[in-house]
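As a plain string of letters, each chain reads:
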Amino acid sequence: MIISEITLRRLSLPLKVPYKLAFGAVIAFDTILVTVHGDGGEHGFGEATILTGYTSETIDSAWAKVRELATAIKGRDAASAKELALTHLKKAPFAVSSVVTAIEMAEGSPFLNITQDTPVPLLAILSASDEAGIVAELERHRQAGYGTVKVKVGFEWESDAKRLKFIQDEVGRLPAGTLKLRIDGNQGFSQADALAFTRILAPDHIELFEQPCHMDDWDAAKAVSDISAVPMMLDESIYGPAEIERAAESGSARFVKLKLMKAGSLAALAEQLTRIRELGMEPVLGNGVAADPGCWMEACIARSHISNAGEMNGFLKPHQTLFADPIRMDRGAMILTPKTPALIDDAALDALAAETVRVAA
């Protein structure tokens, strides 16, 4: 396949409800959508949604990088185009991943070949902070069929601990095994606060505790892991094989979470998930800050590479879907179907875009 045209769109996708994270509330996704066309009629899409704290890239730097890459790969064959793009992976993983995954899809990646309806269980997010809201939201998630609920902490450790204890008590009132919790610090705690929080953290109904301290503070990750009664997970600290190996060697995590936008390609993501398990840890996958293309691709990988709830639920957050037929949910699971998703039409995409660039060979 020769790459005959690349279309780049810079989108802002307002969210239905602000997404509360330790480093601030997200009200819209800053998303770059890449569409690649081949000389034989092939086409594929890829996505980069940029969030400070998930990557050192900014929306401006990522936009500049995809424009640079589009110009460099036009007229190339798919293999050499991917090879060239991946030379930029270390400095611009999100931008590179959007381009490479679009090429992989256009090539007909086997990872995206769905032969029958396949449910991929997802987790739900607990957004409420008041007690009445927590009770009501937990019940909504239970009735919707979710089995795992994520709780954000990393704000102020004492109030976080009090809120979490209330949530655990409420989950304990449900039939045994109805819901389990994932606790996510989103790098919000200092080491001292993370240790204080962890010392009083009871394991009741908790599956794992995710990334309480800064992504670069491996000493803090190890210190917290050493005293925690709850299995620890690293997320933002992990960019690829080197960090996966470091997590295993340091003993700082029993779970490791990956995102497609960091991996560079579908093939690399699958390899890294396999490697996590080979090293005796448990892989987790999914991006809560991604639109339809990224979440769908992650779910395609998740069906064969993880055995827990996926975190690729970002597509549920924006008002606007990017797929002509919205992704179907049933009983807390994304339903993958044999029909390859199609984007909404070009006119609708251009209307959403702050900027559109087309590069032809």
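Values in this document were obtained by computation on a predicted structure and should not be read as measured data.

Engineer: Explain the overall build of the protein to me, please; I cannot follow it from the model alone.
Structural biologist: Each helix and strand counted, the protein has 12 helices and 14 strands in total. Whereas a compact globule of 361 residues would reach a radius of gyration of roughly 21 Å, the protein reaches 20 Å, a difference of no more than 12%. Overall, the C-alpha framework of the protein stretches about 60 × 40 × 35 Å when taken along its three principal axes. Among the 361 residues that make up the protein, the fraction classed as buried is 57%. Taking contacts inside the protein between residues at least 6 apart in sequence as the whole, the part at least 24 apart equals 73%. Accessible surface, the protein: about 14500 Å² in total, of which carbon and sulfur atoms supply 51%. Averaging the locations of the 36 positively and 48 negatively charged side chains of the protein gives two centres separated by 2 Å.

Engineer: I would appreciate a short explanation of helix 4 (residues 131-144) in the present structure.
Structural biologist: Because each turn of an α-helix spans 3.6 residues, side chains separated by three or four positions in sequence point in the same direction. With 14 residues, helix 4 extends 20 Å from end C-alpha to end C-alpha; this agrees with the ideal 20 Å at 1.5 Å per step. Turning to helix 4, its buried residues are G133, I134, E137, L138 and H141. All buried residues of helix 4 lie within an arc of 130° about the axis, which places them on one face of the element. For helix 4, the exposed residues set more than 90 degrees away from the buried face come down to A132 and R140. Elements that come into contact with the buried residues of helix 4 comprise strand 5 (124-126), strand 6 (148-152) and helix 5 (157-172). Of the residues flanking the end of helix 4, it is G145, one or two places downstream, whose phi is positive at about 100°.

Engineer: How do you make sense of the sheet that holds strand 13 (residues 333-336) when you look at a structure like this?
Structural biologist: Pairing between the strands of a sheet comes from backbone hydrogen bonds, and it takes one of two forms, parallel or antiparallel. With antiparallel pairing, the 3 strands of this open sheet are ordered in space as 4-13-12. With partners counted over all chains shown, the strands left at the sheet margins are strand 4 (118-121) and strand 12 (328-330), one partner each. Geometrically, the sheet is characterised by an average inter-axis angle of 40° between neighbouring strands, direction not taken into account. Inspection of the sheet shows strand 4 paired to strand 13 by 4 bridges, in the antiparallel sense. Residue pairing in the sheet places T118 in a bridge with L336 of strand 13. Across the face of the sheet, helix 11 (residues 292-305) comes into contact with strand 4 and strand 13 while running at roughly 90° to strand 13.

Engineer: Help me out: how do you make sense of the sheet that holds strand 3 (residues 43-50) in this one?
Structural biologist: Reading across from one edge, 3-2-1-14 is the order of the 4 strands in this open sheet, with antiparallel pairing throughout. Strands with a single pairing partner mark the edges of an open sheet, and in this sheet they are strand 3 and strand 14 (353-360). The sheet shows a mean angle of 20° between the axes of neighbouring strands, taken without regard to direction. Pairing of strand 1 (residues 3-21) with strand 14 involves 7 bridges; the strand directions are antiparallel.

Engineer: Whenever I open this one, helix 6 (residues 191-199) confuses me. Can you help?
Structural biologist: Of all the positions in helix 6, only A194, L195, A196, F197 and T198 are classed as buried. Considering only its buried residues, helix 6 is in contact with helix 5, strand 7 (180-184), strand 8 (206-210) and helix 7 (218-227).

Engineer: I keep staring at the state of the cysteines and nothing clicks. Help me out?
Structural biologist: Simply put, disulfide is the name for a covalent bond between the sulfur atoms of two cysteines. Inspection of every chain in the model, using the stated rule, returns 0 disulfides. Not part of a disulfide, C295 finds its nearest cysteine sulfur in C300, a span of 11 Å. Since its relative accessible area comes to 0%, C295 is described here as buried.

Engineer: Explain the environment of G188 here, please?
Structural biologist: In this structure, G188 sits in the loop between strand 7 and helix 6. Overall, G188 belongs to the partly exposed group, its relative accessible area being 35%. Taking the C-alpha atoms as reference points, G188 and W63, separated by 125 residues in sequence, lie 28 Å from one another.

Engineer: I would appreciate a short explanation of the pattern of salt bridges in the present structure.
Structural biologist: Opposite charge on two side chains allows them to pair when their charged atoms are near. On inspection of all chains with the given rule, the structure shows 27 salt bridges. Salt-bridge contacts for R328 lead to D117; the nearest nitrogen and oxygen are separated by 3.5 Å. In this pair, R328 is assigned in strand 12 and D117 in the loop between helix 3 (93-107) and strand 4, connecting sequence segments 211 residues apart. Salt bridges here are not isolated pairs; linked through shared partners, they connect K150, K152, R182, D184, E207, E210, D235, K257, K259 and E311.

Engineer: Is there a simple way to explain the environment of V359 in this structure?
Structural biologist: When you line up the elements, V359 lands in strand 14. Those residues in contact with V359 that sit more than four places away from it in its chain are S4, E5, I6, A70, T71 and K74.

Engineer: Looking at this model, I keep getting lost on the environment of T356. Mind explaining?
Structural biologist: With respect to the element layout, T356 can be found in strand 14. In this structure, the C-alpha to C-alpha distance between T356 and I335, residues 21 residues apart in sequence, is 31 Å. Discounting chain neighbours no more than four positions away, the residues touching T356 are T7, L8, R9 and D350. Looking at T356, its side chain comes within polar contact range of the side chain of D350, at 3.3 Å.

What counts as what
- Residues numbered from 1 in each chain as written.
- Predicted model: local features only at pLDDT ≥ 70, side-chain atom pairs only at ≥ 80, totals over all residues.
- Heavy atoms only, no water.
- Helix = DSSP H or I, 4+ residues; strand = E, 2+ residues; numbered from the N terminus.
- Rg over C-alpha atoms; globule rule 2.2 N^0.38 Å.
- Buried < 20%, exposed > 50% of the residue type's maximum accessible area, 1.4 Å probe, protein only.
- Contact = heavy atoms within 4.5 Å.
- Areas by Shrake-Rupley, 256 points an atom, 1.4 Å probe, with all protein chains shown as cover.
- Lys, Arg positive; Asp, Glu negative; His and termini not counted.
- Charge placed at Lys NZ, Arg CZ, Asp CG, Glu CD.
- Expected span 1.5 Å × (residues − 1).
- Arc of directions from axis to C-beta.
- Pairing = 2+ DSSP bridges.
- Axes fitted to C-alpha atoms, helices over the stretch in contact; angles between N-to-C directions.
- Disulfide = S-S within 2.5 Å.
- Salt bridge = Lys/Arg side-chain N within 4 Å of Asp/Glu carboxyl O.
- Polar contact = N/O pair within 3.5 Å; in protein donor to acceptor, adjacent residues only side chain to side chain.

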